[in-house]
Amino acid sequence: MTSITLTRPDDWHLHLRDGAALEAVVADTARQMGRAIIMPNLKPPVTNLEQALAYRERILSALPENSQFEPLMTLYLTDRTTAEDVEAAWASGRVKAVKLYPAGATTNSDSGVTDLKHCDAAIEAMARLGMPLLVHGEVTDSAIDIFDREAVFIERVMKPLIERHPSLRVVFEHITTADAARFVSEAPENIAATITAHHLLYNRNHMLVGGIRPHYYCLPILKRERHREALIEVATSGDPSFFLGTDSAPHGRDDKESACGCAGAYTAFAAIEFYAMAFDQAGALDRLEGFASHHGPDFYRLPRNADSITLKREEWQVPAELPFGEGKTLVPLCAGDSLPWRLVDTG
Ligand SMILES: NC(=O)N[C@@H](CC(=O)O)C(=O)O
Ligand SMILES: [Zn+2]
Ligand SMILES: [Zn+2]
């Protein structure tokens, strides 16, 4: 196959940041994706409807002229989020989900949830409305090894949450383990998962063999090859519970190449090309459209995009760095490498 045309994809997990960084990155996503679920982990976090609507306006203003890209907003769940906060956000039609960050689990999660028992009323409201809860699924217990934090989260948090709220719609975000892949495959259809391109393409050797490579450091951390294979299996299975979410998470070069570097990989500039590479390597390009363009909107009960994009088998070189605003630079994933698929027609 030398070319492939797909219904325009959407990104169901994206960090756009704010200010100059937002202006630097938003066009990359808007060129590829019809819509994206926008993560609320700003400083301060997006915890109510008013903040979500204001952030949405800043995103729209940063878009290139005539862009049709639609940001789908989320609220950041805290110990103090009320049922009224959830209801007002949902009623606006602009806020499509609520995001659970266990406090301390990842970038800008300090205001996250310390114990889900504080969130019962908010979660009950979500279950009633059919509003999805998006979950960063890692425990923060210092006794648990970083490579085991997702698997332990399933037992300690995810299973009890679903037992308590069986009708709640849940997206287990950026899954990285065979454990999570199996859990979602076997769960009822109100439980889904996003998978990033980098977790489909790489294992922890890519990050740690022959030198430590900070641009491969993200959370949840890359796992061993067996887990990557399990993710490929479910992503290419045709199971509608699995869909595209890049978790593209830009941090400036200095914040990544540091004695204590930030977690996050910048992939939005070539998101669909990375996924095409992963599906091609698995011999499953015919399954890319379902994963990238159909399963997400179906889960979110939104229409699929009406236009399409075309990728060609054509090598191109990833730039060494990209502008990130205010004189900063951003090192994209695979900087300087060549990628085998190229987005040629954006519809
Ligand atoms: N994935 C990451 O490594 N980082 C994300 C946060 C997140 O999605 O957990 C970020 O905001 O930088
Ligand atoms: Zn996360
Ligand atoms: Zn994320």
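Before reading further, recall that the structure is shown in the block above.
Note that this is a predicted model, so its numbers are computed, not measured.

Rules used throughout
Residues numbered from 1 in each chain as written. Chains lettered and ligands numbered in written order. Predicted model: local features only at pLDDT ≥ 70, side-chain atom pairs only at ≥ 80, totals over all residues. Heavy atoms only, no water. Donors = N, O, S within 2.8 Å, 3.2 Å for Na, K, Ca; no water. Tetrahedral: all angles 85-135°; square planar, octahedral: opposite > 155°, others 65-115°. Helix = DSSP H or I, 4+ residues; strand = E, 2+ residues; numbered from the N terminus. Buried < 20%, exposed > 50% of the residue type's maximum accessible area, 1.4 Å probe, protein only. Near = heavy atom within 4 Å. Polar contact = N/O pair within 3.5 Å; in protein donor to acceptor, adjacent residues only side chain to side chain. Areas by Shrake-Rupley, 256 points an atom, 1.4 Å probe, with all protein chains shown as cover. Nonpolar A, V, L, I, M, F, W, Y, C, P; charged D, E, K, R; others polar. Axes fitted to C-alpha atoms, helices over the stretch in contact; angles between N-to-C directions. Parallel < 35°, antiparallel > 145°, perpendicular 65-115°, else oblique. Contact = heavy atoms within 4.5 Å. Salt bridge = Lys/Arg side-chain N within 4 Å of Asp/Glu carboxyl O. Lys, Arg positive; Asp, Glu negative; His and termini not counted. Pairing = 2+ DSSP bridges. Right-handed = clockwise from strand over helix to strand, strands pointing away.

How should I be thinking about the coordination of the zinc ion (ligand 2) in this particular structure?
Tetrahedral coordination by four donors places them ideally at 109.5 degrees to one another around the metal; octahedral coordination by six donors ideally gives 90 or 180 degrees. At 2.0 to 2.1 Å from the zinc ion (ligand 2) lie its protein donor atoms, namely His 136 (ND1) and His 174 (NE2). For the zinc ion (ligand 2), the 4 donor atoms are set out with angles of 54 to 147° between them, so the coordination reads as irregular. Separating the zinc ion (ligand 2) from the zinc ion (ligand 3) is a gap of 3.8 Å. Here the residue His 136 occupies a position in the loop between strand 6 (133–135) and helix 5 (149–164), and His 174 occupies one in the loop between strand 7 (170–172) and helix 6 (178–186), the gap between them amounting to 38 residues. Comparing His 136 with His 174 shows no difference in burial state: the two are buried.

Would you take a moment to explain the site of ligand 1 for this structure?
The environment of ligand 1 is made up of 15 residues, and the closest members are Arg 17, Thr 106, Leu 219, Asp 247 and His 251. Taking His 251, its side chain carries an N or O atom lying 2.8 Å from an oxygen atom of ligand 1. Within the backbone of Gly 264, a nitrogen or oxygen atom sits 3.2 Å from an oxygen atom of ligand 1. If ligand 1 stood free it would expose 320 Å²; the protein chains cover 100% of that surface. Counted by class, the shell around ligand 1 contains 4 nonpolar, 9 polar and 2 charged residues.

Could you clarify how one ought to interpret the packing of helix 6 against helix 9 (residues 225–235) in this entry?
Each packed pair of helices is defined by two parameters, the angle between the axes and the distance between the axes. The contact between helix 6 and helix 9 brings their axes to 8 Å, and the two run at 25°. Our classification of the angle between helix 6 and helix 9 gives roughly parallel. Side by side, helix 6 and helix 9 meet where Ala 178, Asp 179, Ala 181 and Ser 185 of the first sit next to Arg 226, His 227, Ala 230 and Val 234 of the second. Looking at side-chain class alone, the contact of helix 6 with helix 9 contains 4 nonpolar, 2 polar and 2 charged residues.

Sorry if this is basic, but what is going on with the coordination of the zinc ion (ligand 3) here?
Note on the zinc ion (ligand 3): its protein donors are His 13 (NE2), His 15 (NE2) and Asp 247 (OD). The metal-donor distances range over 2.0 to 2.1 Å. Given 4 donor atoms and angles of 94 to 139° at the metal, the environment of the zinc ion (ligand 3) is assigned as irregular. Counting along the primary sequence, the residues that act as donors to the zinc ion (ligand 3) give the motif H-x1-H-x231-D. Among the residues examined, Asp 247 registers a relative accessible area of 6% and is labelled buried.

Hey, could you run me through helix 9 in this one?
Owing to its 3.6 residues per turn, the α-helix brings residues three or four apart onto one side. For helix 9, the set of buried residues is His 227, Arg 228, Ala 230, Leu 231, Ile 232, Val 234 and Ala 235. Those residues of helix 9 that are buried are in contact with helix 6, strand 8 (191–195), helix 7 (197–201), strand 9 (242–244), helix 11 (271–281) and helix 12 (288–300).

Please explain the pattern of salt bridges as it appears in this structure.
Pairing between side chains of opposite charge can happen when their charged atoms approach one another. Counted according to the given criterion, the structure contains 16 salt bridges. Linking Glu 57 and Arg 56 is a salt bridge whose minimum nitrogen-to-oxygen distance equals 3.7 Å. Under the relative-accessibility criterion, Glu 57 is labelled partly exposed at 45%. For Glu 155, the salt bridge goes to Lys 159, with nearest N and O atoms at 3.0 Å. Of this pair, Glu 155 and Lys 159 both sit in helix 5, 4 residues apart, roughly one helical turn. Take Glu 155: its relative accessible area is 48%, and that puts it in the partly exposed class. We classify Lys 159 as partly exposed; its relative accessible area is 34%.

So what exactly am I meant to see when it comes to the side chain of Asp 247 here?
Here Asp 247 lies in the loop between strand 9 and helix 10 (253–256). It turns out Asp 247 is buried and unbridged, and the closest side chain with the opposite charge, Lys 99, is 6.5 Å from it. A distance of 2.9 Å separates a polar atom in the side chain of Asp 247 from a polar atom in the side chain of His 15. Residues within four places of Asp 247 in sequence aside, it is in contact with His 13, His 15, His 174, Thr 196, His 198, Leu 219 and Ala 265.

Sorry, what's going on with the pairing of strand 2 (residues 11–14) here?
Regular strands place side chains that alternate from one sheet face to the opposite one. By the bridge criterion, 2 bridges tie strand 2 to strand 3 (residues 35–38) in an arrangement that is parallel. Bridge assignment links Asp 11 to a residue of strand 3, and that residue is Ala 36. For the crossover that starts at strand 2, traverses helix 1 (residues 19–32) and ends in the parallel strand 3, the hand is right-handed.

What exactly am I supposed to notice about the side chain of Gln 32 here?
By the secondary structure assignment, Gln 32 is in helix 1. The buried category is assigned to Gln 32, whose relative accessible area is 0%. Here the side chain of Gln 32 touches Ile 272 through a polar contact of 2.9 Å, landing on its backbone nitrogen. A polar side-chain atom of Gln 32 sits 2.8 Å from a polar atom in the side chain of Glu 273. In this structure, Gln 32 is in contact with Arg 8, Pro 9, Ala 268, Phe 269, Ala 270, Ala 271, Ile 272, Glu 273, Ile 309 and Leu 343, ignoring residues within four places of it in sequence.

What am I meant to see in the sheet that holds strand 5 (residues 95–100) here?
The pairing of strands in a sheet comes from backbone hydrogen bonds and takes either a parallel or an antiparallel form. Across the sheet, 8 strands lie side by side as 2-3-4-5-6-7-8-9; this open sheet has parallel pairing. The open sheet has two edge strands with one neighbour each: strand 2 and strand 9. The average angle at which neighbouring strand axes cross in this sheet is 30°, direction not considered. Direction of pairing for strand 8 relative to strand 9: parallel, over a ladder of 3 bridges. When the sheet's bridge partners are listed, Thr 194 is paired in strand 9 with Phe 243. Each of strand 3, strand 4 (70–76) and strand 5 is contacted by helix 2 (residues 49–62), which is oriented at about 150° to strand 4, the strand it contacts most.

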